[in-house]
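Report on the structure
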Amino acid sequence: MATQAFTGAAAVTGIGLTDISRDSGVSPLHLALTASRAAIADASLTASDIDGVLCYHMNDSAPVTEVAERLHLPPAIWTNEIYGGGTQSASILGDASMLIHSGTASNVLIYRALNGRSGKRMSQAPLRLAGGEAQFTRPYGMAGPVNLFALSSARWMHDTAATEDDLAAVVCQSRHLAASNPRALLNRGMTTDDYFASPWISTPLRRADCCQETDAGAALIVSRTDIADAIRPGSPRITTVVRGGGPGASSMDKAEDVATLFSRYLAGKLWDTSGLTPGDVDLALLYDAYSPVVLQQLEDFGFCNRGESGHFVRSGSTLPTGTLPVNPHGGLLSEGYVHGLNNILEAVRQLRGTATSHQVASPHVALCTGFGGSYGSAAILERP
């Protein structure tokens, strides 16, 4: 087992989330401040206790220095903005843990805030043709992430004999779980017939297969474990974080297999580093930007055999009462899309035993993932 130096050095002590909506009516700065203040209060800390601030964004958020200033945080604290989307949602926990293990900070605020529906939308391609590799892919229909993942998913479905019924199982389960989640935007159940009535976006992806574009802010506090034990006993420890990938779904011109996601590259590293096996995981918060990627991750991380993920979901194994509960809050497909950070918040609630709906019975180990194709990250949170 190749443990990491920061293993167990930090824990998540506070979480905060704004309302999830399609039109917040406020700026990303307001969303960031609201979520951050809630997270600080949830950790039983004050602004003067925060000595590090991290965020990730895609030129659609509030500057970290402005957030720190508006929160009246101490001067000369460590601040950093990381460019990126879903690939950062799990690995940013590692960045915070490294700051704490190095002695640079004791309490680190992490936030992600965006008006992803009423403001800058990822699904909208720019009118002018971008330079770089986009000039070679956009003329062939790669107008945004949904087109890229549609092609990748089509290849994966061909190779594994996965069917539209498998995709429907993922979406219908997500809607079923979100129905009792008061935060969820899509909180009405969905039948299989409803799923097949959903319009196509880019085959094999229907509208129901795609995560939502939403306005929201999410934040959490990562603290030194001795502080966590004093202010919030039982705070989930950050024990393993891995990041990486290779040529695949996000660099198709260089890929031997366009269907390969980050999880194929990172699974071995995650289990080797953590010393755990898939059977040790009690709860999985899988980045579900599109329904097929949930199935792919289940197979890649070894929770089921290749080609069997659809049956695994339909069998009830991924329900809160199953052997591997997956996204019991409804995930990004149904709760909302805060670039994956809201999934991390749900992992914390579940490990604390404070989930507002579908609390899993006594979970100890949670897997959290985040990705943007063939590059991504994964983190293990454990209840002490």
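Residues numbered from 1 in each chain as written. Predicted model: local features only at pLDDT ≥ 70, side-chain atom pairs only at ≥ 80, totals over all residues. Heavy atoms only, no water.

**Brief notes about the overall build of the protein**
The helix and strand tally for the protein stands at 13 helices and 11 strands. In summary, the protein has a C-alpha radius of gyration of 20 Å against a globular reference of 21 Å for 384 residues, a match within 12%. A buried classification covers 58% of the 384 residues belonging to the protein. Restricting the contact set of the protein to residue pairs at least 6 apart, pairs at least 24 apart contribute 78%. Carbon together with sulfur atoms contributes 52% to the accessible area of the protein, which is approximately 14,800 Å² in total. Averaging the coordinates of the 27 positive side-chain charges in the protein and doing the same for the 35 negative ones gives two points 4 Å apart. (Helix = DSSP H or I, 4+ residues; strand = E, 2+ residues; numbered from the N terminus. Rg over C-alpha atoms; globule rule 2.2 N^0.38 Å. Buried < 20%, exposed > 50% of the residue type's maximum accessible area, 1.4 Å probe, protein only. Contact = heavy atoms within 4.5 Å. Areas by Shrake-Rupley, 256 points an atom, 1.4 Å probe, with all protein chains shown as cover. Lys, Arg positive; Asp, Glu negative; His and termini not counted. Charge placed at Lys NZ, Arg CZ, Asp CG, Glu CD.)

**Quick word on the nonpolar core**
Among the nonpolar cores identified, the biggest contains 53 residues, and Leu298, Phe301 and Leu367 are the most heavily contacted of them. Among the elements of the structure, helix H5 (145–160), helix H6 (164–178), helix H9 (262–274), helix H10 (291–300), helix H11 (309–314), helix H12 (331–334), strand E10 (365–371) and strand E11 (375–382) are those that each provide at least two residues to this core. The element that contributes the greatest number of residues to this core is H6, accounting for 6 residues. Those residues in contact with Leu298, other than ones at most four positions away along the chain, are Leu286, Phe303, Cys304, Ser309, Phe312, Val313, Thr318, Leu324 and Val326. One finds Ala10, Leu114, Val222 and Leu351 within the second-largest nonpolar core, a separate group that totals 38 residues. (Core = buried A, V, L, I, M, F, W, Y, C linked by side-chain atoms within 4.5 Å.)

**Topic: unusual backbone geometry**
Here the amide bond leading from Thr203 into Pro204 is cis, since omega sits at 10°, within 30 degrees of zero. In this structure, Pro204 sits in the loop between strand E5 (200–202) and strand E6 (205–206). In this structure, His72 takes a positive phi of about 60° despite not being glycine. Mapped onto the elements of the fold, His72 is located in the loop between helix H2 (64–70) and strand E3 (78–83). Phi at Ser362 is positive, roughly 50°, even though this residue is not glycine.

**Concerning the packing of aromatic side chains**
Tallied over the full model, the rule gives 9 aromatic pairs. Ring centres of Phe149 and Phe371 lie 6.0 Å apart, and the angle between their planes is 70°; on these two criteria the pair is classed as edge-to-face. Note that Phe149 is positioned in helix H5 and Phe371 in strand E10, a separation of 222 residues in sequence. The exposure class assigned to Phe149 is buried, which follows from its relative accessible area of 7%. Judged by relative accessible area, which is 3%, Phe371 ranks as buried. Relative to Tyr337, the ring of Tyr287 lies with its centre 6.2 Å away and its plane at 75°, an arrangement referred to as edge-to-face. Placement of the pair is Tyr287 in the loop between strand E9 (283–285) and H10 and Tyr337 in the loop between H12 and helix H13 (341–352), with a sequence separation of 50 residues. In this structure, Tyr287 and Tyr337 share a single accessibility class: buried. Among the aromatic residues, those joined into a cluster by ring pairs are Phe149, Phe262, Trp271, Tyr287, Tyr290, Phe301, Phe303, Tyr337 and Phe371. (Phe/Tyr/Trp six-rings, centres within 6.5 Å; stacked < 30°, edge-to-face > 60°.)

**A word on the environment of Leu177**
Note that Leu177 resides in helix H6. Taking C-alpha positions, Leu177 is 37 Å from His101, a pair spaced 76 residues apart along the chain. Excluding its chain neighbours within four sequence positions, the residues that come into contact with Leu177 are Leu319, Pro320, Val326, Asn327, Pro328, Gly330 and His358.

**Remarks on empty space enclosed by the protein**
Summed over all chains, the structure comprises 1 cavity of 30 Å³ or more. Its volume calculated, the largest cavity comes out at about 120 Å³. Surrounding the largest cavity, 13 residues form its lining, Val170, Gln173, Ser174, Val294 and Val326 being those nearest its centre. In terms of residues, the lining of the largest cavity owes the most to one element, H6, which gives 5 residues. Residue classes in the lining of the largest cavity are distributed as 7 nonpolar, 5 polar and 1 charged. (1 Å grid on protein atoms, 1.4 Å probe; cavity = no way out; pocket = protein on both sides within 12 Å on 5 of 7 lines; lining within 4 Å. Points joined across faces, edges and corners; volume = space filled by probe spheres on them. Nonpolar A, V, L, I, M, F, W, Y, C, P; charged D, E, K, R; others polar.)

**Remarks on helix H3 (residues 88–101)**
Compared with the 20 Å implied by 1.5 Å per residue over 14 residues, the 19 Å span of H3 between its first and last C-alpha is a close match. Taken together, the buried positions of H3 are Gln88, Ser89, Ala90, Ser91, Ile92, Leu93, Gly94, Ala96, Ser97, Leu99 and Ile100. Gly103 lies just past H3 and shows a positive phi near 85°. (Expected span 1.5 Å × (residues − 1).)

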